[in-house]
Amino acid sequence: MKKRALYVGAALITFVVGAVAASGFTFSPRVFRLTSEDGVGGPGLGASGNGIGASTRTWVSVDGPGVEETIVSYSSCDFARRDFDLELKRRRST
């Protein structure tokens, strides 16, 4: 009985240490907050002009760095795929 309690205790300690280590790898140490949001509708948006709507969001971290997020809506997945490929080509060429 004493041996079983020792194994259960060791298993619990191993689980807790593993959970703490895993949380260090999965949770970002930076916390971002949304500071601005805007949107527009209409044709001619996106890299190739096939987008029908767009929105932008600005996220700022507590310790300084910010992220600009842009979302473009399309009427079909083919238009979205073409714009995605066009953006990849543009980024590779710069």
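Here's a quick rundown of the structure.

The rules we used
- Residues numbered from 1 in each chain as written.
- Predicted model: local features only at pLDDT ≥ 70, side-chain atom pairs only at ≥ 80, totals over all residues.
- Heavy atoms only, no water.
- Helix = DSSP H or I, 4+ residues; strand = E, 2+ residues; numbered from the N terminus.
- Buried < 20%, exposed > 50% of the residue type's maximum accessible area, 1.4 Å probe, protein only.
- Areas by Shrake-Rupley, 256 points an atom, 1.4 Å probe, with all protein chains shown as cover.
- Lys, Arg positive; Asp, Glu negative; His and termini not counted.
- Charge placed at Lys NZ, Arg CZ, Asp CG, Glu CD.
- Pairing = 2+ DSSP bridges.
- Axes fitted to C-alpha atoms, helices over the stretch in contact; angles between N-to-C directions.

Helix and strand counts for the protein chain come out as two helices and three strands. Ordered by position from the N terminus, the helices and strands of the protein chain form the series α-β-β-β-α. Each principal axis of the C-alpha atoms in the protein chain carries an extent, and together these give about 75 × 30 × 30 Å. Taking all 94 residues of the protein chain together, the buried fraction comes to 6%. As displayed, the protein chain has an accessible area near 7600 Å², and 63% of this comes from carbon and sulfur atoms. Of note, the protein chain has its 12 positive side-chain charges centred 16 Å away from the centre of its 9 negative side-chain charges.

Once that is clear, we can look at the sheet that holds strand β2 (residues 51-61). Here we have three strands laid out as an open sheet, ordered β1-β2-β3, and antiparallel in their pairing. For this open sheet the edge positions go to β1 (32-45) and β3 (66-74), each flanked by a neighbour on one side alone. Averaged over all pairs of adjacent strands, the angle between strand axes in this sheet comes to 15 degrees, irrespective of strand direction. Note: β2 against β3, nine bridges, orientation antiparallel. Its bridge partner lying in β3, V60 is registered against G66.

Once that is clear, we can look at the environment of A80. Tracing the backbone through its elements, the reader meets A80 in helix α2 (residues 77-93). A residue is classified by how much of its surface remains accessible, and A80, at 28% relative accessible area, is partly exposed. As a C-alpha pair, A80 and N50 span 30 residues in sequence and 8.0 Å in three-dimensional space.

On their own, these measurements won't tell you what the molecule is for.
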